[in-house]
Amino acid sequence: MLLVLGRRVSLSFVKRVIPQDPVLLSKPILQNFRTIKFRVIHSSTVFAIATRQNTDTMPERRPFVRLPTDVYPVNYGLCLKPDLIDFTFEGKLEAIVEVNLATNQIVMNCADIDIITASFVPEGGEGEEINATGFNYQNEDEKVTLSFPSALQKGSGTLKIDFVGELNDKMKGFYRSKYATPAGEIRYAAVTQFEATDARRAFPCWDEPAIKATFDISLIVPKDRVALSNMNVIDRKPHPEDDSLLEVKFATTPIMSTYLVAFVIGEYDFVEGQSSDGVTVRVYTPTGKAEQGKFALEVAVKTLPFYNDYFNVPYPLPKIDLIAIADFAAGAMENWGLVTYRETALLIDPKNSCSSSRQWVALVVGHELAHQWFGNLVTMEWWTHLWLNEGFASWIEYLCVDHCFPDYDIWTQFVSADYTRALDLDALDNSHPIEVNVGHPSEVDEIFDAISYSKGASVIRMLHNYIGDEDFRKGMHSYLLKFQHKNAATEDLWDCLEQASGKPIALVMSSWTKQMGFPIIVVDQEQQGDDRILKISQKKFCASGPHNGEDCPNWMVPISICTGEDPGCTKLKVLLDSPETTITINSVSPDQWVKINPGTVGFYRIQYSSAMLESLLPGIRDLTLLPVDRLGLQNDLFSLSRAGMISTVEVLKLMEAFVNEPNYTVWSDLSCNLGVLSSLLSHTDFHEEIQEFIRDLFTPIGLKLGWECKQGEGHLDALLRGLVLGKLGKAGHKPTLEEARRRFKDHVEGKQILSADLRSPVYLTVLKHGDSATLDTMLKLHKQADMQEEKNRIERVLGAISAPDLIQKVLTFALSEDVRPQDTVSVIGGVAGSSKHGRKAAWKFVKDNWEELHNRYQGGFLISRLIKLSVDGFAIDKMAAEVKSFFESHHAPAAERTVQQCCENILLNAAWLKRDADDIHQYLLKRKAPPV
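Rules used in this analysis
- Residues numbered from 1 in each chain as written.
- Predicted model: local features only at pLDDT ≥ 70, side-chain atom pairs only at ≥ 80, totals over all residues.
- Heavy atoms only, no water.
- Helix = DSSP H or I, 4+ residues; strand = E, 2+ residues; numbered from the N terminus.
- Expected span 1.5 Å × (residues − 1).
- Buried < 20%, exposed > 50% of the residue type's maximum accessible area, 1.4 Å probe, protein only.
- Pairing = 2+ DSSP bridges.
- Axes fitted to C-alpha atoms, helices over the stretch in contact; angles between N-to-C directions.
- UniProt positions renumbered as here; feature names shortened; annotations may be inferred.
- Phe/Tyr/Trp six-rings, centres within 6.5 Å; stacked < 30°, edge-to-face > 60°.
- Lys NZ or Arg CZ within 6 Å of the ring centre and 35° of its normal.
- Contact = heavy atoms within 4.5 Å.
- Parallel < 35°, antiparallel > 145°, perpendicular 65-115°, else oblique.
- Left-handed = near helix turned anticlockwise from the far one by under 90°.
- Nonpolar A, V, L, I, M, F, W, Y, C, P; charged D, E, K, R; others polar.

With respect to helix α5 (residues 386-404)
For step 1, the next point in the chain: A rise of 1.5 Å per residue sets the reference length of α5, with its 19 residues, at 27 Å; its end C-alpha atoms lie 27 Å apart and thus fit the reference within 8%.
For step 2, the next point in the chain: Judged by how many residues are buried, α5 sits mostly within the fold: 17 of 19 residues are covered.

Right under this line is the structure:
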């Protein structure tokens, strides 16, 4: 499953690289850096204690027992008949089961389902059908116990259950999804989302990933509707009792887990292709929009053979369908053979889709198709190992996109989109290890987060680099062969990779998966003749400063080192397996710089000595450092400033050296960090000064790019232009604002339609500096938009409006019928992220409407996302107490950890502001002062 987490909070977060002539930075800028001094902060220890006091440990876990193993399923014969008018469904289950141990009860998972009758028929018809005499529902544990009057004897038999359920509106289980026909009539499709624990809302089952079985599925549907499931259709016939219905029967599935079962009933068009290895691929779109499925089809047809070759294991099903679902909570879901997507993660309109949307679709398709092997063919034994599924798919999606679209320079974008995001979250005291023991269903949703996905992907990238591609592929192949159609744990993969590479994989990796956090690598150097001696040590990095406790954890850290002689080539690799070590690098002249972690692959922060850092800085100016390393250096320093280890002023000085930076991803990361700083300083009376800093930094690249795309430009230029113009417009750069208003007027009047890549920056700019007429125009554009991408584009920027009464109007709009339920969160988040007033208004709105919001998103990751977006930007100690207190009386079990992380972030922001606000203010004033 791919989540719409912070990976794409705003369009500016989807990263890319621009090939342009390197422009040398003027020397005076760099003279600012002569004295970056690392602070020894004493307040950080006090602060760390405050943090830990204010964000209590996780509440006690609910008692939880997995299903008994005395009866298990071999095959589910399942027939479902949804009612698309009354939103109910009838179901018949005939499951072939194996009784391991004589018993007079069967315990299964079941939620929001009413069982009408249940019986057991022993195999061979020797015994009579035994009717169940009682159904005991344990609603809290989502289980049902079927009681029988006599013991079911050891051996095979058939369990028959008739049941009814509701097609709910919660975007989980078997649910209804609202759509409009081309003529504008509102109708509903019946669709599924079962991961993690919601197959039990569609039929009584053994809903645990390790209890695999085959499935024979039949659907009884209106004859004018499309019916799809995991497998191909083998029979279609009129329903004997109602000729307006069809009975559609699907082929038997391979042995699989319940969370991967899927069915969809609705109205769709499709485009079809065939992969080079003979698999039929279809992309299903809303009626009349088949053309918008072509890009995803092209990606899927290229991707299947890529994975086939990479894993050296063929795709095991005859077909794969990719389908766009109107109401969909996640980004996409990898159901075997029937992958479901949000419309914006699958549909691309050749004229009206922007470059970042194309890239997003390519990544999501790559992610879900990887799961067809890694997750579906071999499945985690229990949710504790979820990270392996998601971390792996979140890594290999980039490998796949790099193969399909080399011009995207996607691996540089990975560092900004996933790697740095994971570092930020994992530096918190309220992070968690990659591997988390989970039990109760309410705990499972919590681990669908940036640690499982982005940190998981980052440590797999580090592992791949440590092992090398050839041995990595060899290990993957043997893992998939050994465990195909079975379940595996993290250790099983380590064993296979260890055998393939001969390296101590389990030892190295357990330090990254079983303990939370990561190290900061502290480096100093001295020259001895022609050799450079490096002193390297590690300690746990905390967002509140370095870990100074007694029991400091250690990691097995693969460390690579390069020098100024050849920045793209690793000169030395070592495994740091102790708190400190000394390394000698031969033949390095005194004038050459030395850099740790080239390519920014190792999952750690770096603190260089002042002299080492100073020697690296010219590499930013003359672009001899690789883009990914320029980005990494800046991101590390920004993180150290937030932790109080250096002054934020030093980072601002460093940022000024990027004024002629050509690379999209580097700019994107700078933009992100300046956004964080701008949000922090909105709590001061000098917010305008940081806007001026942003305008000064982004103006040269803005002038160079201009508004019109030029001949020979590619994907990354389009992304950079949108990013830079949006940043300048939001910061109030007058020429950008005037041009945006002019272009917006022409767009609205139909004189000159804005290109898709310019819409977000223009919409954002005119709204930020707009009035009620601007907002009304934007809401009108939203209503008229036929494409979900355009609706989302508008929804994400509506919060930029400044006037308090208009902010309220946007918040009310967020919960209206005009906004799809999964998109309400980004509208509220847009308000919270736009201004100090917006933040307060959004938090008040969430509190005032908590019942409705919680009812809508409870037990899913959207509730966590909503909370994070609403409160993460506060920077006053008392707000942490207020947030904590609110959620103590308004429980959100699936978001407990998120609430603690938010409270910790608020306290960190407050400490940062107290520590550095005056210095930042003085620096920004001094910048403006005329030279004496």
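On we go from here.
Quick notes on the sheet that holds strand β3 (residues 103-109)
For step 1, the next point in the chain: A sheet is described by the order of its strands in space; here 3 strands give the open sequence β3-β7-β6, paired in antiparallel fashion. The open sheet terminates on both sides in strands that have one partner only, identified here as β3 and β6 (134-138). The average undirected angle you get between the axes of adjacent strands in this sheet is 25°.
For step 2, the next point in the chain: When β3 meets strand β7 (residues 143-152), the two strands line up antiparallel, connected through 6 bridges. Note that in β7 the partner of M108 across the bridge is V144.

Here we look at the UniProt feature "domain: ERAP1-like C-terminal" (unreviewed entry) in the protein chain
For step 1, the next point in the chain: Residues annotated in UniProt with the feature "domain: ERAP1-like C-terminal" (unreviewed entry) correspond here to residues 593-906.
For step 2, the next point in the chain: Note that residues 593-906 is 69% helix and 2% strand, and that its end C-alpha atoms are spaced 38 Å apart.

Regarding the packing of aromatic side chains
For step 1, the next point in the chain: What the rule picks out here adds up to 45 aromatic pairs.
For step 2, the next point in the chain: A centroid spacing of 5.7 Å and a plane angle of 25° characterise the contact between Y307 and F311, whose relative ring orientation is stacked. Residue Y307 and its partner F311 are located together in helix α3 (residues 294-311), separated by 4 residues, close to a single helical turn.
For step 3, the next point in the chain: On the accessibility criterion, Y307 (0% relative accessible area) is buried.
For step 4, the next point in the chain: Directly above the aromatic system of F405 lies the positively charged group of K302, at a separation of 5.2 Å from the ring centroid.
For step 5, the next point in the chain: For the cation-ring pair, K503 lies above Y466, with the distance from its terminal atom to the ring centre recorded as 4.7 Å.

Considering the pairing of strand β23 (residues 519-528)
For step 1, the next point in the chain: Alignment of β23 against strand β24 (residues 531-542), held across 10 bridges, turns out to be antiparallel. In the strand pairing of β24, Q527 is matched with R532.
For step 2, the next point in the chain: Between β23 and β24, which pair antiparallel one after the other, the connecting turn spans 2 residues, and G529 there sits at a positive phi close to 65°.

Description of the UniProt feature "active site" (unreviewed entry) in the protein chain
For step 1, the next point in the chain: UniProt records the feature "active site" (unreviewed entry) for E368 in the present numbering.
For step 2, the next point in the chain: Among the secondary structure elements, E368 is positioned in helix α4 (residues 355-371).
For step 3, the next point in the chain: Every residue in contact with E368, bar those within four places of it in the chain, is listed here: M1, L2, A332, M333, E334, V339 and Y341.

With respect to the packing of α4 against α5
For step 1, the next point in the chain: Put simply, α4 and α5 touch, their axes get as near as 8 Å, and they point 125° apart. Relative to α5, the element α4 lies oblique. Handedness of the crossing formed by α4 with α5: right-handed. Mapping the contact onto sequence places A362, L363, G366, H367, A370 and H371 in α4 and N389, E390, A393, S394, I396, E397, Y398, C400 and V401 in α5.
For step 2, the next point in the chain: Here the residues of the contact of α4 with α5 sort into 8 nonpolar, 5 polar and 2 charged.

Observations concerning the sheet that holds strand β13 (residues 233-239)
For step 1, the next point in the chain: In spatial order, the strands read β5-β4-β8-β2-β1-β11-β14-β13; together these 8 strands make up an open sheet with mixed pairing. Because the sheet does not close on itself, it has two edges, and the strands there are β5 (130-131) and β13.
For step 2, the next point in the chain: For strand β1 (residues 71-83) and strand β2 (residues 88-99), the ladder comprises 12 bridges, and the chain directions are antiparallel. Counted as the bridge partner of C79 is K92 from β2.

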